Amino acid sequence: MAKQTTSAKQPVFKELKNTFHFFPFKNQRAPFIVIILLGLIFNLTTLNNEYALDDGIIIHQNDHVIKGISGIKGILTKDAYESFYRRMNATDQLAGGRYRPLSVVSFAIEQEFIGSYKNGLYPSRCWDTNDNKIDDPEEDLNNDGVFNEVDCQVKGASIRHFVNIITFIIGVMLLFLFFRNYIFKSNHDLAFLAAIIFLMHPIHSEAIANVKSRDEIFSLIFISLTFFYSFKYMEDRKTKTLFWAAFSFLLALLSKEYAVVLVVLIPIAFYVFDQIVFNPKTFFQSKEFKQTLYVFGTFFACALLMLLVKRSSDIHIQPGQKATSSFWLFPIIYLIVGVFLLGSNKKKDFGTLMSWHFFIMLFYLGMRLVAVKLKPGVPDTEILNNPYLLATQQEQWATKLFVLLKYFGLCWFPHPLSSDYSFNSILFRTFKSWDTLLSLALHLGLLYAGFKLVLKKHILGFAIAVYFAFLLMIGNILMDIGATMGERLLFHSTIGFVIALAWIILKGFEKLPDSMNFTAKRVSFLFIVGVMTVLYGCKTWERNWDWKNDITLFLKDVETMPNSVLILGNAGARYIDLADTKTYVSNPYDSSLVQLKDLSINPTESEKGLIEETTAQLKYDLGSIEVYHVDSVDRKEFNKKSVAFLEKGLKYLKHAIELHPRYVNGYLNLGLGSYKLHRDRDALFYWKQAEALYPNNPYLKNYYTVMYNDLLNRGYQKAQRGQLDSAIYELRKTIILDKLNPEGFYNLGGAYYQNKQYEKARYYWQECLKIKPDHVQAKAGCATIVTVTVPTPAQPQGVKN
């Protein structure tokens, strides 16, 4: 590299060079003990949590995870949402796909211990662990009074939450280890303060409490290890250290693709903290620059070739055809090209390290290209996946700038917090909006300051570089990520923020007047840290309780984000669930008085395969309440609470479809709530709207099956009681619900026949035979009508003589 030059303006921290100047630690074990204790205290409340938000998509709706260890191959070779899309009769909808297999592999390993199912499906009555065909109280794992597949899903949830807590603590310890050993060698106060602020920051509560967000935690662990071993390699130049640096980088990429920014951040860190030496003014004319350009340019060309081949493959691939796996071979070839053939640098130095990191990127890219498509399988016209779909170009960029300001504000003041910021929670901005202009000025200023501070080898320069490097990955600047913003997305950027905040706090105490003795400074410092701990802890505990399950999460967040379509839809759906849940609607003084009875589902043979996977869940969704051994007052109170929940749920759902008229889940749940309120016409209306938008939705088909059989049963019972007009009214709904099911036409014909409306009976039986020509009962009915309606010839009268 170029000759070293020392900057005269390099900052000096006189008071901060002693190890643990402000923190009263006597040895190097104490900081790790504090990190462990704080990590447990802040997050142990999540152990009682179940699952929330998109946990289900990645965990218990993912048949690769449910298979346990045997599903790992599928996890490594498929998109993270592949199983969910397949269950929903859909194709991939997110540009670039989602490939973060490492955390999903950990879920599969956990499932092996919790209880795996080799076919990837929960069996019927999976909650009946003793197989006695009785719903025992201890089998109601989520204690909601309902026995269904949810009880199987929440089994072992505390194990997953515990793993999240422990791995997060490990990640923070490794981050502190990197800070302490390398970039803040003489400022251990700064290293520890930055680490514990990161540990305590409430904006990270989502990453720990939301099990699916383990990808963020794993990413933290392996990014820290990549930095650690990269710096260590620059010291010892050992091949073993180089291997661990490269392997850690691969695991970081497999955790989350955001680790790709390390190929930029590692050189910046090396420069700022004096691991590499070059003069920025002369480097671009040097031999080293040409060498670097030659090596890195070759790797870039290799990656571009892989992407072009993949794009061509995606365009020409036939339906059902498997994607080519040849991308696995590309990185091996490039290894030979980049490391052996180029031979650009025989020494073990920075160039060798970065060559290996680029090779790892290519290897990861090969794995990713095998698993995902570059473009979604359907046009990205769903506004919940494409939040800027309805925005003009000006509105898009102005709103993206505003979102960056929101992120910056949440770093400093993490309140209020929300699980979702999608359409319509953030209104579109223009460049006339004051907050957009403020964000533009702020971030341009930070970028300029960061660039200048990096050149001066200032700690804040590195902090700003880390903040912006990860922010570019989540801010919809370089690429659209399918979301407006998200708190967990800020997880990596806050590494830069906590470094800067810790430096500002310590620098502030350094500037205190010399007349103030050291003990007073230390007490003041510890008081400030203590206040931060209490405030952060209270907010983190609050959010941990919110994240217990979907009910607690969305009923809280709908108050914070009353115009978020996703939160409104989920809050409405959860209120509909509550209508059948004993925990929330039964007599609080004697919960044993109230029980729930599921609606029976009697599918035809052709329908059994359709609803096999979701029968238990449907029983829960379409459950009807039956109250035993309670007086009329208790029964009335129970029903009143149920109706109140349903009405509130419908209110939220109606607001959701007002904001987003193509919101399929909104219509599905509006139909479900209406059905539970016995408003069949409303249910039919909303479900038909959903059908028009998403004809192959599996939940819709299953709802139709359940309602269809319920209507047949109602019609039969009313006909048995002689209420033929009412029976006909119920049965006419069946042919509106499903025009291709012959049973509705047959039963409607039977009701008309009993009502002595023979022509109408004939008509509907003939319609039945059009659908199913071999329908024996319909044929017999038509034959009966012929017999009944043929007039009897009049007998001739005798002639009088």
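Residues numbered from 1 in each chain as written. Predicted model: local features only at pLDDT ≥ 70, side-chain atom pairs only at ≥ 80, totals over all residues. Heavy atoms only, no water.

## Digging into the overall build of the protein chain
- Check the secondary structure of the protein chain and you find 34 helices and two strands.
- In the protein chain, which comprises 801 residues, the share counted as buried stands at 55%.
- At a minimum sequence separation of 6, the contacts of the protein chain that also span at least 24 residues come to 74%.
- Put simply, the protein chain shows about 36800 Å² of open surface, and 61% of that area lies on carbon and sulfur atoms. (Helix = DSSP H or I, 4+ residues; strand = E, 2+ residues; numbered from the N terminus. Buried < 20%, exposed > 50% of the residue type's maximum accessible area, 1.4 Å probe, protein only. Contact = heavy atoms within 4.5 Å. Areas by Shrake-Rupley, 256 points an atom, 1.4 Å probe, with all protein chains shown as cover.)

## Here's the deal with the side chain of Ser-213
- Inspection of the secondary structure assignment puts Ser-213 in the loop between helix 10 (205-209) and helix 11 (214-236).
- Among residues more than four places away in sequence, those in contact with Ser-213 are Glu-206, Ala-207 and Arg-488.

## With respect to a nonpolar patch on the surface
- Judged by side-chain polarity, Trp-397, Phe-431, Leu-437, Leu-440, Leu-444 and Leu-447 come together as a nonpolar surface patch covering roughly 510 Å² of accessible area.
- Of all the elements, helix 18 (residues 434-455) adds the most residues to the nonpolar patch, at four residues.
- Counting through the fold element by element, Leu-447 comes out in helix 18.
- Classification of Leu-447 as partly exposed rests on a relative accessible area of 44%. (Patch = residues over 30% accessible without salt bridge, like charges linked within 9 Å, V, L, I, M, F, W, Y side chains within 5 Å. Salt bridge = Lys/Arg side-chain N within 4 Å of Asp/Glu carboxyl O.)

## Looking at the state of the cysteines
- Tallying each qualifying case throughout the model produces one disulfide.
- Paired through a disulfide, Cys-126 and Cys-152 show a sulfur-sulfur distance of 1.8 Å. Its S-S torsion of about 105° marks the bond between Cys-126 and Cys-152 as right-handed, since a negative value means left-handed. Separated by 26 residues along the polypeptide, Cys-126 in the loop between helix 6 (101-114) and helix 7 (149-153) and Cys-152 in helix 7 bring together distant segments of the chain. Considered together, Cys-126 and Cys-152 belong to a single accessibility category, that of buried residues.
- Just so you know, Cys-768 is unpaired, no disulfide at all, and the nearest cysteine sulfur is the one on Cys-782, 8.5 Å from it. (Disulfide = S-S within 2.5 Å.)

## A closer look at unusual backbone geometry
- That bond from His-415 to Pro-416 is cis: its omega, -10°, falls within 30 degrees of zero.
- Inspection of the secondary structure puts Pro-416 in the loop between helix 17 (393-412) and helix 18.
- Asn-424 follows Phe-423 through a cis peptide bond whose omega is 10°.
- Positive phi, close to 55°, is recorded for Arg-125, a residue that is not glycine.
- Assignment of secondary structure puts Arg-125 in the loop between helix 6 and helix 7.
- A positive phi is found at Asn-476, a non-glycine position, where the angle reads about 60°.
- Among the structural elements, Asn-476 can be located in the loop between helix 19 (459-474) and helix 20 (493-510).
- Judged by its relative accessible area of 2%, Asn-476 falls in the buried class.

## Here's the deal with the confidence of the model for the protein chain
- In the predicted model, the protein chain carries a mean pLDDT of 83, and the fraction of residues at 70 or more is 82%.
- Ignoring residues within four places in sequence, the model shows residues 1-18, a span with pLDDT below 50, making 39 contacts including any to other chains.
- In this model residues 585-633 is a low-confidence stretch, pLDDT under 50, and it forms 101 contacts with partners more than four residues away in sequence or in other chains. (pLDDT = per-residue confidence, 0-100.)

## What to know about the nonpolar core
- Counting 207 residues, the largest nonpolar core has Phe-179, Leu-193, Phe-227, Tyr-407 and Trp-687 as its most contacted members.
- Among the nonpolar cores identified, the runner-up in size contains 15 residues, and Ile-59, Ile-72, Tyr-81 and Tyr-85 belong to it. (Core = buried A, V, L, I, M, F, W, Y, C linked by side-chain atoms within 4.5 Å.)

## Thoughts on the packing of helix 31 (residues 724-737) against helix 32 (residues 742-754)
- Running from N to C, helix 31 and helix 32 point in directions that differ by 160°, and their axes come no closer than 9 Å. In terms of axis orientation, helix 31 runs roughly antiparallel to helix 32. The two elements helix 31 and helix 32 meet at a crossing, and its hand is left-handed. Contact residues: Leu-724, Ile-728, Leu-731, Arg-732, Thr-734 and Ile-735 in helix 31; Gly-744, Phe-745, Asn-747, Leu-748, Ala-751, Tyr-752 and Gln-754 in helix 32.
- Residues belonging to the contact of helix 31 with helix 32 are distributed by class as follows: eight nonpolar, four polar and one charged. (Axes fitted to C-alpha atoms, helices over the stretch in contact; angles between N-to-C directions. Parallel < 35°, antiparallel > 145°, perpendicular 65-115°, else oblique. Left-handed = near helix turned anticlockwise from the far one by under 90°. Nonpolar A, V, L, I, M, F, W, Y, C, P; charged D, E, K, R; others polar.)

## As for helix 33 (residues 758-771)
- Over its 14 residues, helix 33 extends 20 Å from the first C-alpha to the last, a length consistent with the 20 Å expected when each residue adds 1.5 Å.
- Within the span of helix 33, buried status applies to Ala-761, Arg-762, Tyr-764, Trp-765, Glu-767, Cys-768 and Leu-769. (Expected span 1.5 Å × (residues − 1).)

## Quick word on the packing of aromatic side chains
- Summed over all chains, the structure comprises 53 aromatic pairs.
- Pairing Phe-32 with Phe-176 gives two aromatic rings, centres 5.3 Å apart and planes at 70°, and the pair type is edge-to-face. Of this pair, Phe-32 sits in helix 1 (residues 30-43) while Phe-176 sits in helix 8 (residues 157-183), and the two are 144 residues apart along the sequence.
- Measuring from centroid to centroid gives 5.5 Å for Phe-509 and Phe-525, while their planes differ by 85°, and the two rings are edge-to-face. A residue pair is termed long-range when its members are at least 10 positions apart, and Phe-509 in helix 20 and Phe-525 in helix 21 (residues 518-546) qualify at 16 residues.
- Residue classification places Phe-509 among the buried positions, given a relative accessible area of 11%.
- The residue whose ring lies beneath Arg-100 is Tyr-258, and the NZ or CZ to ring-centre distance is 5.9 Å.
- One residue, Lys-457, lies across the ring of Tyr-271, its end atom 4.9 Å from the ring centre. (Phe/Tyr/Trp six-rings, centres within 6.5 Å; stacked < 30°, edge-to-face > 60°. Lys NZ or Arg CZ within 6 Å of the ring centre and 35° of its normal.)

## Brief notes about the environment of Ala-80
- By the secondary structure assignment, Ala-80 is in the loop between helix 4 (72-77) and helix 5 (82-87).
- Residue Ala-80 is classed as buried on the basis of its relative accessible area of 16%.
- Through-space distance from the C-alpha of Ala-80 to that of Ala-371 is 8.7 Å; in sequence the pair is 291 residues apart.
- If we ignore the near neighbours within four places in the chain, the residues touching Ala-80 are Ile-58, Asn-62 and Arg-98.

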